Amino acid sequence: MISVAIDAMGGDFGCEPIINGVVDALRERKFNAFLVGDEAQIKPFIPQDQGFEKYITYVAASEVFEMKEGATDALKRKESSIFKAVDLVKDGTCKAVVSAGHSGATMSLATLRIGRLKGILRPAIATLMPNSIGGRTLVLDVGAYVDCKPENLFQFAIMGEAYAKEIMGLNAPRIGLLSNGEEDSKGNEVTKETFHMLKKMQNFIGNVEGNQIFDGSVDVVVCDGFIGNIMLKSSEGVASAIGKLIKNETKKSPIAIAGSILMKRVFKIIKKSTDYDEYGGAPLLGVKECVIISHGKSTPKAVKNAIFQALKFADSKINSAIESEISSNEQK
């Protein structure tokens, strides 16, 4: 069985939703869960009469790395739950780590303690966005690095393509470069230079605009972490605002209320397709083992799905595919 290190203390709401998510995951699939944190706080949330204990190992951590702290300070906090969780992967005890704690700290520790894949200059945080044809579009980077060079974006494309093939099951994923227009001449100096580098990739379809992330015309979208994070937070805000507008409008008349009842199943499908909890976390691509970064406000469902994502990643050959492609491009 695959062993997964879980930062049990890092979320915004303490360990309860995280441990509940671990228990829900164990109900559906067996794996070795290494719970890092304060055992006295963790244990009460684990049913003692259902056999979960044989899959759980407690790893003591006396500190919690707080969201207000600087990311690089995590390297000094060796007793923190995130430091110890990452080190379980570093020393080979676990094959993956899941954390809903400080994303910057998780990224810094993973990069420096676990290490980057051979040839990778910078890791990238990737996320799946819903599209209008019922699928998902992979976007990277969405927050790891705000300033990127063309070679970084080129490597993001290689990593995104590998993820799309190995995890999403796409044989020939369409890769696009996020820009302010589809024309080859559009973009700033960095994206223009990146465009010429990406042209050597067989599946590169050219520049894409923001709306194409959601229309199903592209499978992998590449951008720097500054643009990607703004895009991610903006889209989350739009989705939330639309949901509230629909609720408010359907309360204004009996006809609208009746219509909303008839559309209940459709609304449920739309909510599921746009729900963060459905995939639970964002993989940090470019490091030697699996690192899943979850939202601080993750629900048990989100934690469960983040663990499932970690198990699938750890059982794949994605890192070998990335290293092979990077090496191949270096020789060209």
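The structure under discussion appears in the preceding block.
Because the structure is a prediction, the values reported are computed rather than measured. Residue numbers run consecutively from 1 along every chain, following the written order of its sequence. Totals for whole chains, interfaces and linings use all residues, but because this is a predicted model, local features are given only for residues with pLDDT of at least 70 and pairs of side-chain atoms are given and counted only at 80 or more. Hydrogens and water molecules were not included; the side-chain quantities draw on all heavy atoms of the structure.

Focus on helix H1 (residues 16-28)
- Only DSSP runs of H or I reaching four residues or more are called helices, and only runs of E reaching two or more are called strands; each is numbered from the N terminus. In a helix, the anticipated span is given by 1.5 Å times the number of residues less one. Its 13 residues place the ends of H1 19 Å apart at the C-alpha level, agreeing with the 18 Å of an ideal helix rising 1.5 Å per residue.
- Within H1 the residues assigned to the buried category are Pro17, Ile18, Ile19, Gly21, Val22, Val23, Ala25 and Leu26.
- Note on definitions: a residue-residue contact is assigned when non-hydrogen atoms from the two residues lie within 4.5 Å. Those residues of H1 that are buried are in contact with strand S1 (3-7), strand S2 (32-37), helix H2 (39-42), strand S3 (56-60) and helix H10 (300-314). Whether a residue is buried, partly exposed or exposed follows from its accessible area with a 1.4 Å probe, protein chains only, as a fraction of its type maximum: under 20%, in between, or over 50%, in that order.

Focus: the side chain of Ser99
- With respect to the helices and strands, Ser99 occurs in strand S4 (residues 96-99).
- Looking at Ser99, its side chain comes within polar contact range of the side chain of Asp7, at 3.0 Å.
- Leave out the neighbours within four places in its chain, and Ser99 touches Asp7, Ile82, Thr106, Ile292, Ile293 and Ser294. Between N or O atoms, a polar contact is any pair within 3.5 Å; within protein, one atom must be a potential hydrogen donor and the other a potential acceptor, and residues adjacent in sequence are included only when both atoms are from side chains.

Focus on the packing of helix H3 (residues 81-90) against helix H4 (residues 103-114)
- A fitted line through C-alpha atoms serves as each axis, taken over the contacting stretch for helices, and the angle formed by two N-to-C directions is quoted from 0 to 180°. Contact geometry of H3 with H4 gives a least axis separation of 10 Å together with a crossing angle of 35 degrees. H3 and H4 meet at a crossing whose hand is right-handed. Counted together, Ile82, Phe83, Val86, Asp87, Val89 and Lys90 of H3 and Thr106, Leu109, Ala110, Arg113 and Ile114 of H4 form the full contact between these two elements.
- Of the residues contributing to the contact of H3 with H4, the split by class is 7 nonpolar, 1 polar and 3 charged. A clockwise turn of the near helix away from the far one marks a right-handed crossing, whereas an anticlockwise turn of less than a right angle marks a left-handed crossing. Just so you know the grouping, Ala, Val, Leu, Ile, Met, Phe, Trp, Tyr, Cys and Pro go in nonpolar, Asp, Glu, Lys and Arg go in charged, and all remaining residues, Gly too, go in polar.

Digging into the pairing of strand S11 (residues 290-293)
- Covered by surrounding structure in S11 are Cys290 and Ile292 together with Val291 and Ile293, the residues of both alternating faces.
- Strand pairing is defined by DSSP finding a minimum of two bridges between the two strands. In the sheet, strand S10 (residues 282-285) pairs with S11 via 2 bridges, with the strands oriented antiparallel. Residue pairing across strands places Pro283 opposite Ile292, the latter belonging to S11.
- What sits between the antiparallel neighbours S10 and S11 is a turn of 4 residues, in which Gly286 has the positive phi angle 110 degrees.

Details of the pattern of salt bridges
- Salt bridges are counted wherever a side-chain nitrogen of Lys or Arg sits within 4 Å of a carboxyl oxygen of Asp or Glu. Counted according to the given criterion, the structure contains 14 salt bridges.
- Note that Glu66 is salt-bridged to Lys68, the shortest N-O span being 3.6 Å.
- Judged by relative accessible area, which is 40%, Glu66 ranks as partly exposed.
- For Asp73, the salt bridge identified is with Lys76, shortest N-O distance 3.9 Å.
- Classification of Asp73 as partly exposed rests on a relative accessible area of 30%.
- Taken together, the salt bridges that share partners define one network made up of Glu63, Glu69 and Arg77.

A closer look at the environment of Leu109
- Mapped onto the secondary structure, Leu109 falls in helix H4.
- Residues Leu109 and Pro254 lie 145 residues apart in sequence; the distance between their C-alpha atoms is 55 Å.
- Once you skip the residues sitting within four places of it in the chain, Leu109 turns out to touch Ala74, Leu75, Ile82, Phe83, Val86 and Ile114.

Let's talk about the pairing of S2
- Counting buried positions along S2 yields 5 of 6 residues, so the element is predominantly enclosed.
- Relative to S2, S1 runs parallel, the two sharing 5 bridges. Note on S2: the bridge partner recorded for Ala5 is Phe34.
- Crossover handedness is defined here as right-handed if the route from the first strand over the helix to the second strand goes clockwise, with the strands pointing away from the viewer. For the segment spanning S1, H1 and S2, crossover handedness is right-handed.

Brief notes about the sheet that holds strand S8 (residues 204-208)
- In space, the 11 strands of this open sheet follow the order S3-S2-S1-S4-S11-S10-S5-S6-S9-S7-S8, with mixed pairing throughout. Edge positions in the sheet fall to S3 and S8, since each of these pairs with one other strand and no more. Strand-to-strand twist of the sheet, defined as the mean angle between neighbouring strand axes without regard to direction, takes the value 25 degrees.
- For S4 and S11, the ladder comprises 4 bridges, and the chain directions are parallel. Within S11, the residue paired with Ser99 across the bridge is Ile293.
- Packing of helix H5 (residues 150-166) onto the sheet brings it into contact with strand S5 (124-130), strand S6 (136-140), strand S7 (175-178), strand S9 (220-222) and S10, and relative to S9 it is tilted by some 165 degrees.

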